[in-house]
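Descriptive analysis of the structure
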Amino acid sequence: MTLRINDRTLSRESIKNLNELSGENVKLCMQCATCTGMCPMAAEMDYSPRKVMHMAQFGLQSKLEEINTYWKCASCHACTVKCPRGIDIAKVMEALRQQTLRTNTNYIEPSEMSAETIAELPQIALVAGFRKMTS
Ligand code: SF4
Ligand code: SF4
C-alpha cells in the first residue's frame, strides 16, 4: 500500500524490501543520532545517517533515491558498533546502494573517468570504489 504525504512516497513495500535486503529492522531505530556522531563521513553527506534511518522508517523511497549519504558511507562500521538498538547501519547503507546497483545503474562511470584522475588515485581506492559504486 502506498500513501502520498507532502509529495513523497510513503511505502510499506519499501520498508519491507530494505529490511529484507539488509537483514536489519529499521523500525528499531529510536533516533538517538549516535550513528551521526560517530560517522567520519557525516560532513560529506547531504543527510546524516540518523536522518537516513528516519527516511527508511517511513519508507520514503523517492527521497532515499535522491540523496548521497549511502554513497559517501565508507563502510567503517563505527555507527554499527555504537548503535544502542543493535542495528547494523552499515548493512542498511549497503542495502540502499544495492537498491540502485541492482537496476544496473552505476553511481560512478569508470569509462568517464579521466586518465589523469585514474593515474592520481591509489589503485586500492579505485578497486574499492568500483566494487561499491558500480553494478
Ligand atoms: S545509533 Fe541506532 S538508534 Fe541511534 S539514530 Fe542511529 S540507527 Fe537509530
Ligand atoms: S559505516 Fe558509513 S554511515 Fe556508518 S559511521 Fe562508517 S561511514 Fe558513517
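1. Topic: helix α1 (residues 12-22)
Among all positions in α1, only Ser 14, Ile 15, Leu 18, Asn 19 and Ser 22 are buried. Angularly, the buried residues of α1 cover 130° about the axis, an arc narrow enough to put them on a single face. Those residues of α1 that are exposed and aimed more than 90 degrees away from the buried face are Arg 12 and Glu 20. The opening residue of α1, the one whose side-chain oxygen lies 3.2 Å from the backbone nitrogen of Glu 13, is Ser 11. Note on α1: the residue one or two positions beyond its end, Gly 23, has a positive phi of about 75°.

2. Notes on the site of ligand 2
Every residue near ligand 2 is listed here: Cys 39, Pro 40, Met 41, Pro 49, Cys 73, Ala 74, Ser 75, Cys 76, His 77, Ala 78, Cys 79 and Ala 90. Looking at the shell around ligand 2 residue by residue, the class counts come to 10 nonpolar, two polar and no charged.

3. Focus: the pattern of salt bridges
Applying the stated criterion to the full structure yields three salt bridges. Notably, a salt bridge pairs Glu 66 with Lys 63, separated by 3.8 Å at the nearest N-O pair. Taken together, the residues Glu 66 and Lys 63, both in helix α4 (residues 61-66) and three residues apart, mark about one turn of the helix. For Lys 63, a relative accessible area of 15% gives the class buried.

4. Considerations on the layout of surface pockets
Of the pockets and cavities examined, the largest pocket occupies roughly 230 Å³. What lines the largest pocket is a set of 15 residues, among which Ile 108, Ala 125, Ala 128, Gly 129 and Met 133 lie closest to the centre. For the lining of the largest pocket, the elements supplying multiple residues, two or more each, are α5 (69-72) and α9 (123-133). In terms of residue class, the lining of the largest pocket is made up of 12 nonpolar, one polar and two charged. Counting only domains with at least three residues in the lining of the largest pocket, you end up with domain 1 (2-103) and domain 2 (107-135).

5. Some remarks on the nonpolar core
In terms of nonpolar packing, the biggest core is built from 27 residues, with Leu 18, Val 26, Met 53, Ile 87, Ile 89, Val 92 and Leu 96 touching the most fellow members. The element that contributes the greatest number of residues to this core is helix α7 (residues 89-101), accounting for six residues. Contact partners of Leu 96, with chain neighbours within four places excluded, come to Leu 18, Val 52, Leu 64 and Tyr 70.

6. Quick word on the side chain of Ser 22
Take Ser 22: it is sitting in helix α1. Ser 22 gets classed as buried once you look at its relative accessible area, which sits at 6%. Reaching out from Ser 22, the side chain makes a polar contact with the backbone oxygen of Leu 18 at a distance of 2.8 Å. A polar contact is formed between the side chain of Ser 22 and the backbone nitrogen of Glu 24, at a distance of 3.1 Å.

7. Things to note about unusual backbone geometry
One non-glycine residue with positive phi stands out, namely Gln 31, at about 60°. Position of Gln 31 relative to the elements: it lies in the loop between α1 and α2 (34-38). One non-glycine residue, Ser 75, lies in positive phi territory at about 55°. Looking at the secondary structure, you find Ser 75 in the loop between α5 and α6 (78-82).

What counts and how
Each chain has its residues counted from 1, following the order in which its sequence is written. The naming scheme follows written order: chains are lettered A onward, ligands numbered 1 onward. A pLDDT threshold of at least 70 governs which residues receive local features in this predicted model, and a stricter bar of 80 or more applies before side-chain atom pairs are shown or counted, although totals over entire chains, interfaces and linings include all residues. Only hydrogens and water are removed before side-chain values are computed, so all heavy atoms of the structure are retained for them. Buried residues are those whose accessible area, probed at 1.4 Å on protein chains only, stays under 20% of the maximum for their type, while exposed residues exceed 50% and partly exposed ones sit between those limits. Helix numbers and strand numbers start at the N terminus; a helix is a DSSP run of H or I with at least 4 residues, a strand a run of E with at least 2. Within this analysis, the arc is defined by the directions that extend from the helix axis to the C-beta atoms. Two N or O atoms form a polar contact when they lie within 3.5 Å of each other; inside protein one atom must be a possible hydrogen donor and the other a possible acceptor, and for residues adjacent in sequence the pair counts only when both atoms belong to side chains. Near is defined per residue: the residue qualifies when any heavy atom it owns lies within 4 Å of the molecule or strand. Polar here means any residue other than Ala, Val, Leu, Ile, Met, Phe, Trp, Tyr, Cys and Pro, which are nonpolar, and Asp, Glu, Lys and Arg, which are charged; Gly is therefore polar. The working definition used for a salt bridge is a side-chain nitrogen of Lys or Arg within 4 Å of a carboxyl oxygen of Asp or Glu. A cavity, in this analysis, means grid points on a 1 Å lattice covering only the protein atoms where a 1.4 Å probe fits yet has no way out; a pocket is instead an open set bounded by protein on both sides within 12 Å along at least five of seven lines, and a residue lines either one if it has an atom within 4 Å of a point. Grid points are joined across faces, edges and corners, and a volume is the space filled by probe spheres set on the points. Note that the domain bounds were set by an automatic or database domain assignment. Put simply, buried Ala, Val, Leu, Ile, Met, Phe, Trp, Tyr and Cys residues joined by side-chain atoms within 4.5 Å make one nonpolar core. The contact definition used throughout considers only heavy atoms, calling two residues in contact when any of these lie within 4.5 Å.

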